[in-house]
Amino acid sequence: MILQLLLSFAVLTPLQSADPLAQYRAAAIERWEADIQALERLDQQQEDPEHAVLFIGSSSIRRWDGIVQDLAPYSVIQRGYGGAKFSDLAVFADRLLGTHKFDAVAIFVGNDIAGKSDDKSPEEVLRLVKIVVASIHKKNPDAFVFLIAVTPTSSRFAVWDRIKQVNALMASYSQNDKLVHYVDTAEHFLDSSGKPNDKYFLDDNLHLNPQGYQVWAAVIKTALDKVLPPSQPASDSNTSP
C-alpha cells in the first residue's frame, strides 16, 4: 500500500507542477519577443499616469490612436501588439504588466478563433483568460479587470457562433468575481438583420475605423463608470507609438 501511494505521488507531482502554458510558450516567444521587448522599452521611457487603466491585447488596442481623448477623463496606458491571442497574452502577462501601477486592466483579444486550422475551443480560450486574470491579481489584488467582448466582423462572421461562445463564457465567468467585469459590445456592431455593420470597420472588415472606435469608447467608458472611483483628470497618459 505504501509503495502504491509513493508511486501515485510520483506520477501526480510532475503533472501538478507542469507549465500550464507549455504548449504555447516557445511559439509565443519566437513570434512576439521583439514586440514585447519594444513595449518594455516604452515602459522605461514613459511615466505612468495616476489611477491608470492599463489596456492590453491585440491590434484593436494597438491601433487605437485616439484612446487618450476617447477615454478622457480616464488616464490610460496602451500596450497592445499585433495579432495577439490569449495564448501568447498569457505567456507575456507578467511582462506586459511590468512595473505598471493601475486601478484596472482592460483586455481585448480577438484572434483565438478566426476560422483557421489552429483555432482554439471556446473552453480553452476561457482557461487562458483565467490565467491572465490571475496574473493581474497577483500583481494587484484589488485591480478591476474588464473583459471586452470579441467584436462581430464580416471577415470572421463564418465562425461567429464559436466566437459568441467565448463571449458567453467570459460573461458567465465575470459573474463569479466582483473584480471582473464583462463589457458587452457586440450588439452595437450588428445591423438590424443581425449581421456586422461594416460602416464601423476599415476595408478589411476586421479593424475598427474612427467611427467604430467612437462606439467602442462609449460602451467601454460606460462600463468603467459603473465600478471605478471618480475619474482623475487625464494627464500625459502613456500610449504606444
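Residues numbered from 1 in each chain as written. Predicted model: local features only at pLDDT ≥ 70, side-chain atom pairs only at ≥ 80, totals over all residues. Heavy atoms only, no water.

Colleague: Please explain the environment of Val 133 as it appears in this structure.
Modeller: One can find Val 133 in helix α6 (residues 122-139). On the basis of relative accessible area, Val 133 is assigned to the buried category, the value being 2%. Here the alpha-carbon distance between Val 133 and Leu 147, two residues 14 residues apart in the chain, equals 9.4 Å. Discounting residues that sit within four places of it in the chain, Val 133 has contacts with Val 145, Leu 147, Tyr 173 and Val 180. (Helix = DSSP H or I, 4+ residues; strand = E, 2+ residues; numbered from the N terminus. Buried < 20%, exposed > 50% of the residue type's maximum accessible area, 1.4 Å probe, protein only. Contact = heavy atoms within 4.5 Å.)

Colleague: Even after reading the chapter, I still don't get helix α5 (residues 86-97), so can you show me in this structure?
Modeller: What sets the pattern is the α-helix's 3.6 residues per turn: residues three or four places apart point alike. For α5, the tally of buried residues reaches ten of twelve residues, placing the bulk of the element in the interior. Of the residues making up α5, those classed as buried are Phe 86, Ser 87, Asp 88, Leu 89, Ala 90, Val 91, Phe 92, Ala 93, Leu 96 and Leu 97. Those residues of α5 hidden inside the fold are in contact with α2 (22-45), β1 (52-57), β2 (75-80), β3 (104-108) and α6. Gly 98 sits one or two positions beyond α5 and adopts a positive phi of about 50 degrees.

Colleague: How should I be thinking about empty space enclosed by the protein in this particular structure?
Modeller: Which parts of space are left empty comes out when a probe the size of a water molecule is rolled across the atoms. This model, assessed by the stated rule, comprises two cavities of 30 Å³ or more. By volume, the largest cavity amounts to about 70 Å³. Taken together, Phe 86, Val 109, Gly 110, Asn 111, Asp 112, Ile 113, Val 125, Val 150, Ile 163, Val 166 and Met 170 make up the lining of the largest cavity. Broken down by element, the lining of the largest cavity gets its largest block of residues, three residues, from helix α7 (residues 160-174). A class-by-class count of the residues in the lining of the largest cavity yields eight nonpolar, two polar and one charged. The wall of the second largest cavity is formed by Ile 36, Leu 39, Glu 40, Asp 43, Arg 79, Arg 95, Leu 96 and His 100. Going through the elements one at a time, α2 and α5 are the ones with two or more residues in the lining of the second largest cavity. Counting residues per element, the lining of the second largest cavity draws most heavily on α2, which supplies four residues. Taken together, the residues of the lining of the second largest cavity break down into three nonpolar, one polar and four charged. (1 Å grid on protein atoms, 1.4 Å probe; cavity = no way out; pocket = protein on both sides within 12 Å on 5 of 7 lines; lining within 4 Å. Points joined across faces, edges and corners; volume = space filled by probe spheres on them. Nonpolar A, V, L, I, M, F, W, Y, C, P; charged D, E, K, R; others polar.)

Colleague: Explain the pattern of salt bridges to me, please; I cannot follow it from the model alone.
Modeller: Opposite charge on two side chains allows them to pair when their charged atoms are near. Summed over the entire model, instances satisfying the criterion amount to nine salt bridges. Here Lys 85 and Asp 118 are joined by a salt bridge, their closest N and O atoms 3.3 Å apart. One end of the pair, Lys 85, is in the loop between β2 and α5; the other, Asp 118, is in the loop between β3 and α6, and 33 residues separate them in sequence. Judged by its relative accessible area of 45%, Asp 118 is partly exposed. (Salt bridge = Lys/Arg side-chain N within 4 Å of Asp/Glu carboxyl O.)

Colleague: Can you help me understand α2 in this one?
Modeller: Over its 24 residues, α2 runs 32 Å from end to end, which matches the ideal 34 Å to within 8%, given 1.5 Å per residue. At Trp 32, α2 shows its strongest bend, of approximately 65 degrees. Taken as a whole, α2 has its buried residues at Tyr 24, Ala 28, Trp 32, Glu 33, Ile 36, Leu 39, Leu 42 and Asp 43. The elements touched by buried residues of α2 are β2, α5 and α6. (Expected span 1.5 Å × (residues − 1). Bend = angle between axes of the 7 residues up to and from the residue.)

Colleague: Please clarify how the nonpolar core should be interpreted in this entry.
Modeller: The nonpolar side chains of a soluble globular protein tend to be buried, and buried together. Counting 47 residues, the largest nonpolar core has Tyr 81, Phe 86, Leu 89, Ile 107, Ile 136 and Leu 147 as the members making the most contacts within it. Secondary-structure elements contributing two or more residues to this core are α2, β1, α5, β3, α6, β4 (144-148), α7 and β5 (180-183). The element best represented in this core is α6, accounting for eight residues. Residues in contact with Phe 86, not counting those within four places in the same chain, are Ile 107, Val 109, Asp 112, Val 125, Leu 128, Val 129 and Val 132. Grouped together as the second largest cluster of nonpolar side chains are 30 residues, Ile 67, Phe 144, Phe 201 and Trp 216 included. (Core = buried A, V, L, I, M, F, W, Y, C linked by side-chain atoms within 4.5 Å.)

On their own, these measurements won't tell you what the molecule is for.
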